[in-house]
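Per-entry structural report
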Amino acid sequence: MLMSNSFLAGSAKVDITPPLTIPYLGYEPRHALFAGVHDPLYARAVALDDGTTQVILLAVDAIGYSNDLLGPGRNFTAEVRQRIQVRTGVPAAHIMLATTHAHSTPETCNLRRLLDTPAVAPWLEVVLDQLTSAAAMAFAQRKPSRLKAGTGVVAGLARNRRVIGKDGRILAGPEITPTGVDGTAGPVDTAVGVLYLEGTETPTCTVLTNFACHPVTVQVQPLVSADFPGVAMGVIEKSLPNCANSLFFQGSCGDINPIRNTTDFADVERYGLMLGGEVIKLAAQMSAPDYPETTPSIQVRSETILLKVRNLPDRTAVQQAYTEASNKRTAATTDAERAQWTRTQRLAEEKLVLIERGSEPIPAEIQVVRIGDVALVSLPGEPFTELGLAIKQRSPARHTFVIGYANDWIGYLATPQAWQQGGYEVGEGPWTRVGPEGGYQLVDKAVEMLAALWQ
């Protein structure tokens, strides 16, 4: 029997470190194989139950799960949800599948068809079972718990990677650390949101963290890693007494990178300590008996809207450019010349892949979970930080956590201003299929759904 001021809550985690036959996202080639494991990957889950309504939240060390991963006629998120519903009875619409967006993980965004790699099809079936198992174990572990919420600040970890010149055009992007550039960087959201679950009958706790920054510290290198979110969650679990699990929910980090451009595991450790340290401080404050509790009530809403695809380039012109670059690459007599035409050919290839994805509107699910005075808002792509800030500013909730990379991966969700400025994030490739208005369409729908839940 639940007490009036209590939830039932449980959590679990499953090791999902892939075999070395599964590719990561590289530059050239786009799919490259891992050579080893630096640190393990996990699927972490938490189940919440207010006595009437249940919700399961998954936070997975993955770059993002595109719903077309499994091939025609199948939907990755839908299959995960259905399996969990069968195991737990929790409605599919009450299950959130979020990813940390760590880049040193398998390339499940499907920028290139992952199923073309021979080992992938059976591995994906294993992943479906692993995600389901994490959720089912969390549900089975439910015990009376209380929930507390708070927000802190992590400064000096993240930067906006888009630097804009005085003419309003992009000067620097994700692979450049601006030094001496006469321009202005976009906004950064330094807020870290924390939910602290503690048992009322047993001395256990689970921590949920929400922060916006690309985990690309060690991208495009052949070692599996959860990047700085993995370090942060590990530090939290080791440092807090009786901490059973710690989940990281990525924020609106489409244009946000770590402060330095490195492929350095020392920086992974530094960033993880910076983030984890602030979360530990907040959790310690919340553990005090007089820290206010969140009302144990849950509501969930989910809506899918259609987003217009961007204007596509002319196929004939792009194919000609690809063929010319391929021929010149073959005829190149120097390494520099060969590298130049390799890059030109790859850029044309990205445009061809974009064209192949088609011009049909893109379905995008917005999921809103109300837990007392806390709102969790999930979006299915890579929202720019401005979009996340807009949701927070317009939200009626006391605490609003915006979660990107959830329930699908549909690429960058940029602002109309970014489309005018240019830059990588709006470049012609399969990473940006949603047109200029899509991001704010999602914001407006999310705010509408929040208002309905807070009537």
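The notes below deal with the structure included here. Treat the numbers as computed from the prediction; the structure is a model and nothing was measured.

Our next topic: the overall build of the protein. Looking only at helices and strands, one finds 9 helices and 23 strands in the protein. Relative to the 2.2 N^0.38 estimate, which gives 23 Å for 455 residues, the radius of gyration of the protein is 22 Å and therefore close to what a compact globule would have. Viewed in the frame of its principal axes, the protein has a C-alpha envelope of about 75 × 50 × 40 Å. Considering the protein as a whole, with its 455 residues, one finds that 58% of them fall into the buried category. The contacts in the protein between residues at least 6 apart in sequence include a share of 80% that link residues at least 24 apart. Accessible surface computed for the protein: about 17700 Å², of which carbon and sulfur atoms make up 52%.

Moving on, we come to the packing of aromatic side chains. For the coordinates displayed, the defined rule picks out 6 aromatic pairs. Judged by centre distance (6.2 Å) and plane angle (85°), the ring pair of F228 and Y271 falls under edge-to-face. Here the residue F228 occupies a position in helix α3 (residues 227–239), and Y271 occupies one in helix α4 (residues 265–286), the gap between them amounting to 43 residues. A relative accessible area of 0% places F228 in the buried class. The class for Y271 is buried, based on a relative accessible area of 1%. Above the face of the F139 ring, R142 is positioned so that its terminal group lies 3.6 Å from the ring centre. For R370, the ring lying beneath its charged end belongs to W454, and the centroid distance is 4.0 Å.

It is worth spelling out the environment of T151 at this point. With respect to the helices, strands and loops of the structure, T151 is situated in strand β8 (residues 143–153). Judged by relative accessible area, T151 falls into the partly exposed class, the value being 44%. When the C-alpha atoms of T151 and A325 are compared, they prove to be 51 Å apart, with 174 residues separating the residues in sequence. Setting aside residues no more than four positions away along its own chain, T151 makes contact with A191, V192, L282 and H399.

With that settled, consider the pattern of salt bridges. Two side chains of opposite charge can pair, provided their charged atoms sit close to one another. In total, this model carries 30 salt bridges according to the counting rule given. For R81, the salt bridge goes to E365, with nearest N and O atoms at 2.9 Å. A residue pair is termed long-range when its members are at least 10 positions apart, and R81 in helix α1 (residues 76–88) and E365 in strand β19 (residues 362–371) qualify at 284 residues. Judged on exposure class, the residue R81 and its partner E365 are both buried.

Glancing now at helix α5 (residues 315–331). With 17 residues, α5 extends 24 Å from end C-alpha to end C-alpha; this agrees with the ideal 24 Å at 1.5 Å per step. Capping of α5 at its N-terminal end is provided by D314; its side-chain oxygen lies 3.4 Å from the backbone amide nitrogen of T316.

Time to look at the sheet that holds β19. Strand order in this open sheet of 4 strands is β18-β19-β20-β22, and the pairing throughout is mixed. Single-partner strands in this sheet number two, and they are β18 (298–307) and β22 (399–403). Going across the sheet, the axis of each strand differs from the next one's by a mean of 15°, ignoring polarity. Across 5 bridges, β19 lies against strand β20 (residues 374–378) in antiparallel orientation. What sits directly across from I371, in β20, is V374. Strands β18, β19 and β20 of the sheet are contacted by helix α9 (residues 438–453), whose axis makes an angle of about 155° with β18.

Here we take up the nonpolar core. Ranked by internal contacts, the top residues of the largest apolar core, which has 70 residues, are L275 and I366. If one sorts the elements of this core by residue count, α4 sits on top with 8 residues. Once residues within four sequence positions are removed from consideration, L275 is found in contact with V154, L157, V192, T209, F211, F228, A232 and F248. Residues A47, W123, V127 and L128 belong to the second largest nonpolar core, which totals 37 residues.

In this section: the side chain of D267. In this fold, D267 is placed in helix α4. Overall, D267 belongs to the buried group, its relative accessible area being 2%. Other than its neighbours up to four places away in sequence, D267 contacts T217, R260 and T262.

Moving on: the packing of α3 against α4. Contact geometry of α3 with α4 gives a least axis separation of 7 Å together with a crossing angle of 45°. By the angle class used here, α3 and α4 are oblique. For the pair α3 and α4, the sense of crossing is right-handed. When α3 is examined against α4, the residues D227, F228, V231, A232, V235, I236 and S239 are found in contact with a partner set consisting of V268, E269, Y271, G272, L273, L275, G276, V279 and I280. A breakdown of the residues in the contact of α3 with α4 according to their chemical character gives 11 nonpolar, 3 polar and 2 charged.

Positive phi, normally seen in glycine, also occurs at V220, with a value near 50°. Structurally, V220 is set in the loop between β14 (205–211) and β15 (223–224). With a relative accessible area of 28%, V220 lands in the partly exposed category. Phi is positive for N407, which is not a glycine, with a value near 65°. Tracing the chain through its elements places N407 in the loop between β22 and β23 (412–413). Using a relative accessible area of 3% as the deciding quantity, one classes N407 as buried.

Our focus in this paragraph is the side chain of T99. With respect to the helices and strands, the residue T99 is situated in strand β7 (residues 95–99). A polar side-chain atom of T99 sits 3.2 Å from the main-chain carbonyl oxygen of Y405. In this view, T99 contacts V60, A62, I63, G64, Y65, Q250, G404 and Y405; residues no more than four positions away in its chain are not counted.

What counts and how
Residues numbered from 1 in each chain as written. Predicted model: local features only at pLDDT ≥ 70, side-chain atom pairs only at ≥ 80, totals over all residues. Heavy atoms only, no water. Helix = DSSP H or I, 4+ residues; strand = E, 2+ residues; numbered from the N terminus. Rg over C-alpha atoms; globule rule 2.2 N^0.38 Å. Buried < 20%, exposed > 50% of the residue type's maximum accessible area, 1.4 Å probe, protein only. Contact = heavy atoms within 4.5 Å. Areas by Shrake-Rupley, 256 points an atom, 1.4 Å probe, with all protein chains shown as cover. Phe/Tyr/Trp six-rings, centres within 6.5 Å; stacked < 30°, edge-to-face > 60°. Lys NZ or Arg CZ within 6 Å of the ring centre and 35° of its normal. Salt bridge = Lys/Arg side-chain N within 4 Å of Asp/Glu carboxyl O. Expected span 1.5 Å × (residues − 1). Polar contact = N/O pair within 3.5 Å; in protein donor to acceptor, adjacent residues only side chain to side chain. Pairing = 2+ DSSP bridges. Axes fitted to C-alpha atoms, helices over the stretch in contact; angles between N-to-C directions. Core = buried A, V, L, I, M, F, W, Y, C linked by side-chain atoms within 4.5 Å. Parallel < 35°, antiparallel > 145°, perpendicular 65-115°, else oblique. Left-handed = near helix turned anticlockwise from the far one by under 90°. Nonpolar A, V, L, I, M, F, W, Y, C, P; charged D, E, K, R; others polar.

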